[in-house]
Structures are given as structure tokens and as C-alpha cells.
Amino acid sequence: MSLNVQNKVTADIHLEITNILNMEAYYLDNRKYKEWLELLADTITYRMPLRETVEGVGVSNIAEDSAFFEETKTSLRTRVNRLYTKSAWVENPSTRQRHFITNIYVEATADPDEYKVRSYFLFMRSRASTSDIEQMFGERHDIIRKIDNGWKICSRTIYPDQSVITTMNMSMFL
Amino acid sequence: MIKKTMNEKAFHLLKEKMEQGLLPQWVITDPDIYDLEIEKIYGHTWQFLGHETEIKEPGSYVTRWMVNDPVLLVRTRQGEVKAFLNSCTHRGTQLCTADRGNKKTFTCPYHGWSYNLEGELVGIVAGNKVYGEEMDKSEWGLRPIPQVASYQGMIFGNLDPNAESLEDYLGEMKWYFDILLGRSGGMEVRGLPQRWVAKANWKATAENFAADPYHVQTTHRSTVEMGISPEDPLYAGYGHQVVMKNAHGINVITSKTGRARVPYQGTPESMWPLFEKHLTPEQLDIQSKVTVFVGGVYPNLSFVSPIHGTEGHLHNYLNFRMWRPIAPDRVEVWCWFLIDKAAPEEYKEDAYRGYLGSFGPSGTLEQDDTETWARIVEVSKGLMMRDKELNYNSVSNYLMGYSHVKPDENFPGPGTAYPTTYIDALSRKMHEHWLELISKDMFEKEVSR
Ligand code: FES
Ligand SMILES: [Fe+2]
């Protein structure tokens, strides 16, 4: 596929997209989940397949038939709304969480308003007054598009690096 | 074998308390008790290894654990299911570290010994050039798991060659497995089990699933707040709790009227004739009335068959989970999604989403369960909790329905069925069985008297 010259990723575009991802992390870390939902396109597909241990070199180790998340905007909204109830005990008292987003790589597509974005995440969480630190890490593949002059995340696939998850639940969004 | 034991005085205090429906709190995470459990319970009971649809083809395999014993579960060329200790017979190296795959032979990365699907040693690097003629390959095959058997597609293993057969072990539970797993002619597993580590004790998680619908109204109150679950505090209490031999049990949760909220758990109508075909009239009666089945096979396999979704429409599925103990206060949870083979493909897909939205590590219901499990083990190390002399009397209350709820003789299924699921009958049975197993052959005179 050949790309038009005007589709190259400028420094401005890179900065704008980086800002969006940082803004997103800020929303998530500060429990501004409704603001977070606004960053997502109404047609978003939000997925997180399992990582598996397989033998062989250069073979896929993503278990595409198995998932932790397989969401639409509607199901994400249900999850978010629940976190605003008083009795979602997993987040009441709320956990403290940070999303560290790095290695952002932006690629142009044939559509001048649409970019493929790869980023790494390190999620860390502290719960109640225990000294345990929970963490999860991996990579995200997004499609981010400019819609009516604003950036929206149109699809996200999250690839965890752990095949056995070491956070005691997954009440977070990644 | 190393025989772990228990202080005799502590044993008698424990027994006495438990007979009154009280469970001393120190037993939850006591490290000595934990060692006893691993040896005396997990060394002799049937443990879940996998479902036959996970290893469909000849050469398909999955790797599993029976607590700390590594297991290689394979489908042989003849289509048989076999389970071996996943450890090379040369120096003990873990043979296969993949979660699943398909192979003809397994080769050890250390010195290259290789084994076929029958577990036979078929290749030794440099063969009799290094071993001479005295090396008899047939003596060095993979060590088979002493007993392997399956029921309704569920494959179990037992480390005790003298344990009772799987069929006998499951006993009355087979009748309910026939409903859960056999209602439409068989279930299939989707993908790999989700795995995660929860801060919890295996007894508490097993009890949470098998025996505790009482927690639903409070722990899962967020769904009530959102208008998904009914306001009635008794909503998960309608129906029957069935207590069975070997401390297996099931809760058949219906509704205030005694009927299901939606017929046949909201499954597509095209499947109903299959239920009629595969179930006896008594089983069909239960299947037609149930809203949620939730229960367990002792010691560490649990199941739930609910109706859920996060997209505005609800679907039924079957979730099995195995609580693998990894420490007194840690379990590695293995969580399988099962669905009727006969269900329409689109329904299977929707049901999987319904599952992800409710149970498993990302499930909106189970997220809150993990919080309560953690809160039990986080406080269990205190002196008052750990007091084996019970001077502080730190005991948990298992008195719900203790003397006033009598079994319902008219319940159509086997086992002792109590006419409510807000009752501690199954928990008490699990504790009683637990004590019997961990103290077996320990205080012979007292126990057998
Ligand atoms: S340990 Fe496996 S070949 Fe030596
Ligand atoms: Fe629960």
C-alpha cells in the first residue's frame, strides 16, 4: 500500500496524539471515567486477548480465541457506570492507580484523519493500606481518528505480557 | 512419605467448635494446616485437569497443575486421554512449558530425551553409546498420573492410586453434571482458561462459590444499584441448597415464585427440545425453574451457570473454575468458559461477552468478590485470630439455618435439599469433610470411637 505524501506523521500530529494518550491516562488514574468515555468513538471495539505460552520462535503467542475484554461502547459504559455506584467494593475505597504510557509510535494510514498508534503500558496499583504493589504491563494497538476536529480512539487491542495476571482483579481500563 | 500432623488438643477444640457450627478463624490461613491440606486433601481427592474439547485432535495437549504437581494432559494417536507428570525422568526437568499445543513427541531441553504421546521414552541422545546395553528405555517412560477419568467431558486426575473411582467420588453430583453439562448433548470450552492470582485462601473461594448465595445481595450490590438485580434482599436465597456426599454441593436458585425469571435460563428456544431429549423429567423440572446454578466439587472446583451481560441483553453460559492453592493466602484461579455445542454460533459469541462482563478477573461481579476474599486473609494473621487454644474465641459464624431449616423431601434431585440457599448447611458439610480428611489416621482411637 502506498501512502500519499500528505499522510506522513508530522511532529505536530505526534504531539497531539501523545497528548491524547497522556490525557487519557490522567482521566483513568483520577477516576474521571465519564471523561474517559468521551475519548472513545461510539463504534469503538475494545479488546484484550490472552497472552499464552507456546513453543516455537516467531510464532504468535496471542490467544485470539480467549479474552479478558471484548467490549463495545455500551458494555464499557455499563462497566463505568458501575464504578460510580457506592457498592462497587473493588473501587470503594478506591484503589490508587497509575498508567505509565511510553514508546508511542504513530503510523499514518490511507485516511489522512486516521492513525495507527502503538504504545506500551505499565499499570501499577495500590489497594487499601496493604504494602503489596500490583502491576500489569504490555502493549496497546489503537486506531485514532480525527472526528469533528477532535481525536477519538476508534479501536484498541491490549496485549498483556503476562499469561497469569498478577493484579487480583481487572477493574481497571488499560 | 513425610507425615504431617496436628496438635491433638487443637484438633479436639476444633472439632468441638465445628460441631456447634463455629469455625475457628485461625484454620483459614494457618501455615501448618495448609501443609496438611496439600498432603491429605490434595494428595487423595479428584482434581480437575481439563475438558475434553480442549484436546480434540490426536497430539493435542495442555499443561496443568495439581497444586504443585505439573501435569501434561494429552490426546494420544488412538484418541485416548492420558495424563503424565510433566517432568523428565532423567533429571526431573519440566518437560513442556507451553500452555497448549499439538505434538508427536516431547523433547527435554536439558539432555534431549524424548517421549511419545503414550509417555514412552523413545529417544536418548547418544543412546547405548553412553548407557551401554543395560539401559532399558521402557523403565524410563513418563510417570503417569495414578488415576485419570472423565465424566461428561470433564477430565479429572487423582494422585492416590487407591482412591475411590471418579464416578463414586462424584456420586450424586453426576446427576447435576448431567444437567449442567449434558442438557443439550455436550459442552465445549472456548479458548484458554483465564488465569490470575488472587489474594485468597482456597477454602474461602470454594465456599464462596459452592455454598454462599447469602453474599450476593451485599457483595454484588452494585448490580442492584444499577437496576440489574432485584431489590429484594432475599433474591438469591430462593430455591434449594443441595448437600451431597464428599462435600459437593449445588444451589438451585429460582425466584420468589419458585419459577425461573426467564424460561430455560434465556437460552434460544431452538435448544429447548434438546433439553427435553437429554434430561429426565425430574432434571427438566429443575432446569426449567432455575435462574442460577452455582456449586462445587470438593475440594477446589467450582461452577456457576448464570444469565448475564453488560450490553443490555443477557445470556446464559457455564463457568468452571479451579482454585489452585499456591500459598495459605494465595490462589491461582483458572477460569473456563463453557457453552452448549448445540447453541447457535451467534449466541455463543454473545454468551462469551456476557461471561467477560460478569465473571473472571475482569467480570463486574467477580471483581467485588476478590475484594472480600482478600479482606478475609489480610486479617487472618493476628494473634487473636491465630489463637489455637481459642481463649479469644475468634470463630466464624456458620449458624444460618443451623437447627430450624429442615430438608425438603419433595425436591426432585438427589442429595439433601434445603428449601433456601441462604443457609450454611453446605459450608458446614465442607468443614466437616475437611476436618475428616486432614485428620485421617491421625488420632485413631478418638476418631474411630
Ligand atoms: S533432564 Fe531431561 S534429558 Fe536430562
Ligand atoms: Fe460473588
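As a starting point, this report considers the structure included with it. (Residues numbered from 1 in each chain as written. Chains lettered and ligands numbered in written order. Predicted model: local features only at pLDDT ≥ 70, side-chain atom pairs only at ≥ 80, totals over all residues. Heavy atoms only, no water.)

### So, the packing of helix α5 (residues 173–182) of chain B against helix α10 (residues 281–289) of chain B
All names here are of chain B.
Thinking step 1. It is at 10 Å that the axes of α5 and α10 come closest, and there the two elements cross at 60°. One way to sum up the angle between α5 and α10 is to call them oblique. Pair α5 / α10 crosses with right-handed handedness. Two secondary-structure elements touch here, α5 through Trp-175, Tyr-176, Asp-178 and Ile-179 and α10 through Glu-282, Gln-283, Ile-286 and Gln-287. (Axes fitted to C-alpha atoms, helices over the stretch in contact; angles between N-to-C directions. Helix = DSSP H or I, 4+ residues; strand = E, 2+ residues; numbered from the N terminus. Parallel < 35°, antiparallel > 145°, perpendicular 65-115°, else oblique. Left-handed = near helix turned anticlockwise from the far one by under 90°. Contact = heavy atoms within 4.5 Å.)

### Focus: the interface of chain B and chain A
Thinking step 1. The interface is formed by 41 residues belonging to chain B together with 39 residues belonging to chain A.
Thinking step 2. Here chain B and chain A share eight salt bridges between them.
Thinking step 3. With a closest N to O distance of 3.5 Å, A:Asp132 and B:Arg330 form a salt bridge.
Thinking step 4. At the boundary of chain B and chain A, one finds 35 residue pairs in polar contact (both at pLDDT 80 or more).
Thinking step 5. Per-element tally for the side of chain B that touches chain A: the top contributor is helix α12 (residues 364–378) of chain B, with eight residues.
Thinking step 6. Among the residues making up the side of chain B that touches chain A, the classes are represented as 13 nonpolar, 12 polar and 16 charged. (Salt bridge = Lys/Arg side-chain N within 4 Å of Asp/Glu carboxyl O. Polar contact = N/O pair within 3.5 Å; in protein donor to acceptor, adjacent residues only side chain to side chain. Nonpolar A, V, L, I, M, F, W, Y, C, P; charged D, E, K, R; others polar.)

### Quick notes on the coordination of the iron ion (ligand 2)
Residues and elements named next belong to chain B.
Thinking step 1. The coordination sphere of the iron ion (ligand 2) contains the protein donors His-215 (NE2), His-220 (NE2), Asp-369 (OD) and Asp-369 (OD), at a distance range of 2.1 to 2.6 Å.
Thinking step 2. Bound by four donor atoms, the iron ion (ligand 2) shows angles of 54 to 147° at the metal and therefore irregular coordination geometry.
Thinking step 3. Sequence positions of the residues that donate to the iron ion (ligand 2) give the spacing H-x4-H-x148-D. (Donors = N, O, S within 2.8 Å, 3.2 Å for Na, K, Ca; no water. Tetrahedral: all angles 85-135°; square planar, octahedral: opposite > 155°, others 65-115°.)

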